Amino acid sequence: MRRRPLLFWLGTALLAGFVSIAILAPVLAPHDPRQPLALPLSAPTRDHLLGTNDLGQDILSQLIHGTRSTLIVALSVTAISTALSWIVGLAAGFIRRLEGLLMGLTDLLLALPDLPLILLVLTLIGATRINLILVLGLLSWPAFARVVRAIVIGARISPYVEASRSLGASDAHITMRHLLPATLDALPTKLVLTMRYAVFAEATLAFLGLGAGEAIGWGGMLNEAFRDPLLFSRPAWPWLVLPPTIAIAALILATVWVGGGLGGGPTTRRGTTQRGNSGRQMVISRGD
Amino acid sequence: MLRDFLWLCGRYLALALSVVLVNFFLPRLLPGDPLDFSSGDGLDAAVPLTASARAELEAYYHLDDPILSQLWSYLGDLVTGDLGFSISRSAPVGDLILDRLPWTMSLLLVSLLLSAAIGTALGMVAGWRPGKRRDRVLMSASGMLAAIPEFLIAIGLLLGGAVGLAWFPLFGGETVFTDWGGGPSSFVRRAFDIAWHLTLPAATLALAGVAAFALVTRDVTAGLQHEPWLVAARAKGLDERQIAVRHALPNMAPPLVTFFGLRLGGVLSGALVVERVFSIPGLGQLGFQAIGARDYPVLQALFLLSSLGVLLVAFLVELSYPRLDPGRRSDR
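Residues numbered from 1 in each chain as written. Chains lettered and ligands numbered in written order. Predicted model: local features only at pLDDT ≥ 70, side-chain atom pairs only at ≥ 80, totals over all residues. Heavy atoms only, no water.

A.B. asks: Which parts of the structure should I look at to understand the overall build of chain B?
C.D. replies: Looking only at helices and strands, chain B features 13 helices and 0 strands. Order of helices (α) and strands (β) in chain B, N terminus to C terminus: α-α-α-α-α-α-α-α-α-α-α-α-α. When the backbone C-alpha atoms are referred to their principal axes, chain B occupies close to 80 × 55 × 45 Å. Within chain B, buried positions represent 47% of all 332 residues. Put simply, 75% of the contacts in chain B that link residues at least 6 apart link residues at least 24 apart. If you sum the accessible surface of chain B, you get close to 16,300 Å²; carbon and sulfur atoms cover 68% of it. Seen as two clouds, the 25 positive and the 27 negative side-chain charges of chain B have centres 17 Å apart. (Helix = DSSP H or I, 4+ residues; strand = E, 2+ residues; numbered from the N terminus. Buried < 20%, exposed > 50% of the residue type's maximum accessible area, 1.4 Å probe, protein only. Contact = heavy atoms within 4.5 Å. Areas by Shrake-Rupley, 256 points an atom, 1.4 Å probe, with all protein chains shown as cover. Lys, Arg positive; Asp, Glu negative; His and termini not counted. Charge placed at Lys NZ, Arg CZ, Asp CG, Glu CD.)

Structure representation (structure tokens):
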């Protein structure tokens, strides 16, 4: 096994920590995150370790429950987006008649700035959790559909596929047994990058007031805090701003470190591998 | 040559037309009726519509007509520059956008230029000797910075520069309720005031962009290191700095300019969010308030204009491509 950088293990540990917090949220949270329990905007006390927000709700409990809703959105978006990337990429790479149509759609989605489109659609259909997951999942597949298609086209002309075809194998058999396995190298990178995209997008949208329905989330906590025009003149502002900010940054950095350890990250010697380049593209367009 | 040009124009016209069609069909095909939602039938209507306002909206969208004639009048409105009527502000959307465009555009321009210049320089420094310590440190820092959402960078700078050090204002695009006096000096003072207010937001977007440009430039630079012409220049004993600026940089122009064009969409999205953190009265602020008020015409216009703007820049970039590439330039 290849030796992985220290940051990869730190990122993995952080991710594992966030996942456990998400699973155990109801047990770990000291209070009901929605119940106004104490004086509003109070500094940390023994009972409320991170203080309370403007409604007197416990910030620590909100942070813990926010982990859960963030990860639910992130994992669902990753599942949808990955499935679509592979379906479209395999179809475009193997079925010539579909190639023009599918790649045209891919190009259109890649060319559009995603935030204004997401804002419009979510405002029209309502920002519930399901809608948020669907919109992010349906918009984030194009980059890797291109990667998968490129790998499939490379594999299609390879001797082993030709040999299989000359033995009389069907298209379905070739796709499932030969082309699909050839693309699986790109899968870990896709999973990590899309998860990062989903966390990034969910936090940004919630900060703009399009949070996942009624769920408590980190971006939504910041949105609430910044709604107050006098935020920074209140002594309690660090407790309103810093915990969710640090949580979002930590989760995203964890995905960066894990992604870097996968081999496609910024630490590769020469950014010439298929995986490295495609990964880079997604990071750079800050989203997809 | 001419065929290439026509092919390029055709492709971008098709893309632009699909954007317009998406914008037309989205509200009509998605579930839910914007007018019912905002007219007060539901409990959660953000802005109850008066009967006359509703009539005006229905007339604007020609909602009773068959869909093809709706599309026709929509295209006609677009051609004459009519972008619709804002529900929450009772004003033409076009005017609202024109008011706020200068704020967002100046943020975009300043931060794009800054991040392109600094990011390219950093990327070249890192990629010149791939795999060395300097490369690894710069690239892992850029990788982290590029992944952090813009609004978090904005909050960080706000806490440092405006709350902690109090060097910059907490919010707003300029000092309001101020008499700048008359004469040419008042203009200068007002310009300085605006620049002072825009420093932190522009720095936020520039930071995010520097990381992105550095990552791309680094890969392009690292890929050049085994090019024969670079080895030859080195063998001649040229100064490394001279090789970088005189030989490598022109050869890197095509991919970097392409990336500059691609980046616009990302910076625009970032600007929309950053404006909210700093309360800059630009398009992002307009969009943010439109979300709260469910003001669809405003959001539709923002989507349409930003998409068309990004497509236009991408088109110009592709048009300039043959002129930029030293190899292809000498072929002619």
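The structure having been displayed, the exposition proceeds.
A.B. asks: Help me understand the interface of chain A and chain B, please; the structure alone is not making it clear to me.
C.D. replies: Interface size is commonly expressed as the accessible area that is lost once the parts come together. With 47 residues of chain A at the interface, the matching set in chain B holds 57 residues. Interface area for chain A against chain B, summed over the two sides, is near 4,800 Å², with a carbon-plus-sulfur share of 76%. On the surface where chain A and chain B come into contact, there are 0 salt bridges. At the junction of chain A with chain B, the criterion picks out 3 residue pairs in polar contact (both at pLDDT 80 or more). (Buried area = accessible area lost by both parts, 1.4 Å probe. Salt bridge = Lys/Arg side-chain N within 4 Å of Asp/Glu carboxyl O. Polar contact = N/O pair within 3.5 Å; in protein donor to acceptor, adjacent residues only side chain to side chain.)

A.B. asks: Looking at this model, I keep getting lost on the packing of helix 5 (residues 114-125) of chain A against helix 6 (residues 129-139) of chain A. Mind explaining?
C.D. replies: The angle between the axes and the distance between the axes are what describe a pair of packed helices. All names here are of chain A. The contact between helix 5 and helix 6 brings their axes to 10 Å, and the two run at 150°. As summarised for this structure, helix 5 and helix 6 are arranged roughly antiparallel, according to the angle between their axes. As for the relative orientation of helix 5 and helix 6, their crossing is right-handed in sense. Between helix 5 and helix 6, the contacting residues are Leu-117, Ile-118, Val-121, Leu-122 and Ile-125 on the first element and Asn-131, Leu-132, Val-135, Leu-136 and Leu-139 on the second. Of the residues belonging to the contact of helix 5 with helix 6, the class tally is 9 nonpolar, 1 polar and no charged. (Axes fitted to C-alpha atoms, helices over the stretch in contact; angles between N-to-C directions. Parallel < 35°, antiparallel > 145°, perpendicular 65-115°, else oblique. Left-handed = near helix turned anticlockwise from the far one by under 90°. Nonpolar A, V, L, I, M, F, W, Y, C, P; charged D, E, K, R; others polar.)

A.B. asks: Looking at this structure, how should I read the nonpolar core?
C.D. replies: Soluble, globular proteins show a tendency: their nonpolar side chains are buried together. Formed by 150 residues in total, the largest nonpolar core has its most connected members in Leu-205, Leu-222 and Phe-226 of chain A together with Phe-151 and Val-277 of chain B. Sort the elements by how many residues they give to this core and helix 10 (residues 240-278) of chain B lands first, with 15 residues. With residues near it in sequence (within four places) discarded, Leu-205 of chain A still touches Leu-115, Ile-118, Leu-119, Leu-122, Leu-132, Leu-136, Leu-210 and Gly-211 of chain A. Core analysis: the next-biggest nonpolar cluster, separate from the first, contains 14 residues, Trp-86, Val-148, Ala-155 and Leu-179 of chain A among them. (Core = buried A, V, L, I, M, F, W, Y, C linked by side-chain atoms within 4.5 Å.)

A.B. asks: What exactly am I supposed to notice about the side chain of Gln-225 of chain B here?
C.D. replies: On the secondary structure map, Gln-225 of chain B appears in the loop between helix 8 (183-224) and helix 9 (228-235). Of the polar contacts made by the side chain of Gln-225 of chain B, one reaches the backbone oxygen of Thr-221 of chain B; its length is 3.2 Å.

A.B. asks: Even after reading the chapter, I still don't get the pattern of salt bridges, so can you show me in this structure?
C.D. replies: Enumeration according to the criterion identifies 8 salt bridges over all chains in this entry. Glu-99 of chain A is paired through a salt bridge with Arg-96 of chain A; the nearest N and O atoms lie 3.3 Å apart. Of this pair, Glu-99 of chain A and Arg-96 of chain A are both found in helix 4 (residues 96-111), 3 residues apart, which corresponds to roughly one turn of the helix. The residue Arg-234 of chain B makes a salt bridge to Glu-240 of chain B at a minimum N-O spacing of 2.9 Å.

A.B. asks: Help me understand the confidence of the model for chain B, please; the structure alone is not making it clear to me.
C.D. replies: One rule of thumb: low pLDDT means the predicted coordinates there are not for detailed reading. All names here are of chain B. Scored by pLDDT, chain B comes out at a mean of 82, with 90% of its residues at no less than 70. The low-confidence segment residues 39-43 (pLDDT under 50) makes 5 contacts with residues lying over four places distant or belonging to another chain. Listed scores for the predicted complex are pTM 0.83 and ipTM 0.82. (pLDDT = per-residue confidence, 0-100.)

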